[in-house]
Amino acid sequence: MSGTLVLDCEGLSQLVRRAPELIEWLAAAEAEDIRVVTSSVTLVEARDPRTGQARFDYAVSRVNIVPPTEAVARHASGILAAAGPHGHKYALDAIVAATALAAPAPVTVLTSDPEDLVPLCGSGVRVVKV
């Protein structure tokens, strides 16, 4: 493997919706042997009841699901403490950031909220708006 592509809620949601940009990202990742991951908590955040379960499950089957281990949760907590924000609004972003920081480099995170994730990920992760 030569790196990691991390999908946050919007990245996964766009994959479920089969957005062309996300399909292109996945094809490029596959061509470059880049592992595509999302946190298991992102499955909960991205689940839209207006989307059929089969469609959601198919999209999820195309990525590797990473559970938030205690180490990831502790790292996420530390990231939030260092960055300043706190509370449930930032908790899932911090878990995504900690997941990205624990992944094999180079790492790219696809998100609709780069302004939230850049401070949490630091310079070690490329954050791209989708």
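Along every chain, residues carry numbers that run from 1 in the direction the sequence is written. Totals for whole chains, interfaces and linings use every residue, but because this is a predicted model, local features are given only for residues with pLDDT of at least 70 and side-chain atom pairs only at 80 or more, for both listing and counting. Working from all heavy atoms in the structure, the side-chain values ignore hydrogens and water.

## Observations regarding unusual backbone geometry
Okay, so step 1: Residue proline 106 is bonded to the preceding alanine 105 through a cis peptide linkage, with omega at -5°.
Okay, so step 2: Tracing the chain through its elements places proline 106 in the loop between α6 (88–102) and β4 (107–111).
Okay, so step 3: One non-glycine residue, arginine 18, lies in positive phi territory at about 60°.
Okay, so step 4: Helix and strand assignments follow DSSP, with helices taken as H or I runs no shorter than four residues and strands as E runs no shorter than two, numbered in order from the N terminus. Structurally, arginine 18 can be placed in the loop between α1 (9–16) and α2 (20–31).
Okay, so step 5: The residue aspartate 33 is not glycine, and still its phi comes out positive at about 60°.
Okay, so step 6: Summarising the element assignment, aspartate 33 is placed in the loop between α2 and β2 (35–39).
Okay, so step 7: We call a residue buried when its accessible area falls under 20% of the maximum for its residue type, exposed when it is over 50%, and partly exposed in between, using a 1.4 Å probe and counting protein chains only. Residue aspartate 33 is classed as partly exposed on the basis of its relative accessible area, which comes to 41%.

## Quick word on the nonpolar core
Okay, so step 1: Within the largest apolar cluster, 21 residues are counted, with the highest numbers of intra-cluster contacts made by Val6, Val109, Leu117 and Val125.
Okay, so step 2: Going through the elements one at a time, α5 (70–83), α6, β4 and α7 (114–121) are the ones with two or more residues in this core.
Okay, so step 3: If one sorts the elements of this core by residue count, α6 sits on top with six residues.
Okay, so step 4: When residues no more than four places from it in sequence are discounted, the contact partners of valine 125 are Ala100, Leu101, Val107 and Val109.
Okay, so step 5: Residues grouped as a nonpolar core are buried Ala, Val, Leu, Ile, Met, Phe, Trp, Tyr and Cys residues, joined through side-chain atoms within 4.5 Å. Ranked by size, the runner-up nonpolar core spans 18 residues in total, among them Leu15, Leu26, Ala29 and Val63. Contact between two residues is taken to exist if any of their heavy atoms lie within 4.5 Å; hydrogens are not considered.

## Overview of the packing of α1 against helix α4 (residues 53–61)
Two numbers describe a pair of packed helices, the interaxial angle and the distance between the axes.
Okay, so step 1: One can describe the packing of α1 onto α4 by two numbers: an axis separation of 9 Å at closest approach and a directional angle of 115°. For the pair α1 and α4, the sense of crossing is right-handed. Residues Leu12, Leu15 and Val16 of α1 form the contact with α4, whose participating residues are Arg55, Phe56, Ala59 and Val60.
Okay, so step 2: Taken together, the residues of the contact of α1 with α4 sort by class into six nonpolar, no polar and one charged. Axes here mean lines fitted to C-alpha atoms, for a helix over just the part in contact, with angles spanning 0 to 180 degrees between N-to-C directions. It is the rotation of the near helix from the far one that decides the hand of a crossing: anticlockwise by less than a right angle makes it left-handed, clockwise makes it right-handed. Only Asp, Glu, Lys and Arg are considered charged, only Ala, Val, Leu, Ile, Met, Phe, Trp, Tyr, Cys and Pro nonpolar, and every remaining residue, Gly among them, polar.

## Description of the sheet that holds β4
Okay, so step 1: A sheet is described by the order of its strands in space; here five strands give the open sequence β3-β2-β1-β4-β5, paired in parallel fashion. Strands at the two margins of the open sheet, each flanked by one partner only, are β3 (64–66) and β5 (126–129). Here the strands of the sheet are splayed against their neighbours by 30° on average, with no regard to which way each runs.
Okay, so step 2: Lying over the sheet, α7 contacts β4 and β5, oriented at roughly 175° with respect to β5. A pair of strands counts as paired when DSSP detects no fewer than two bridges linking them.

## Here's the deal with the packing of aromatic side chains
Okay, so step 1: Each aromatic pair joins two rings of Phe, Tyr and Trp (for Trp, the six-membered one) with centres within 6.5 Å, and gets the label stacked for planes under 30 degrees apart, edge-to-face for over 60, and tilted for any other angle. What the rule picks out here adds up to zero aromatic pairs.
Okay, so step 2: The aromatic ring of phenylalanine 56 is capped on one face by arginine 47, whose charged end is 5.1 Å from the ring centroid. Charge-over-ring placement is defined geometrically: NZ (Lys) or CZ (Arg) within 6 Å of the ring centre, and within 35 degrees of the ring normal.

## Quick word on α4
Okay, so step 1: What α4 keeps buried is the set Phe56, Ala59 and Val60. Seen from one end, α4 has its buried residues packed into an arc of 100°, which puts them on one side. Among the exposed residues of α4, those oriented more than 90 degrees off its buried face are Ala54 and Ser61.
Okay, so step 2: Residues of α4 that are buried sit in contact with α1, α3 (40–46) and β3. The arc refers to the directions leading from the helix axis to the C-beta atoms.

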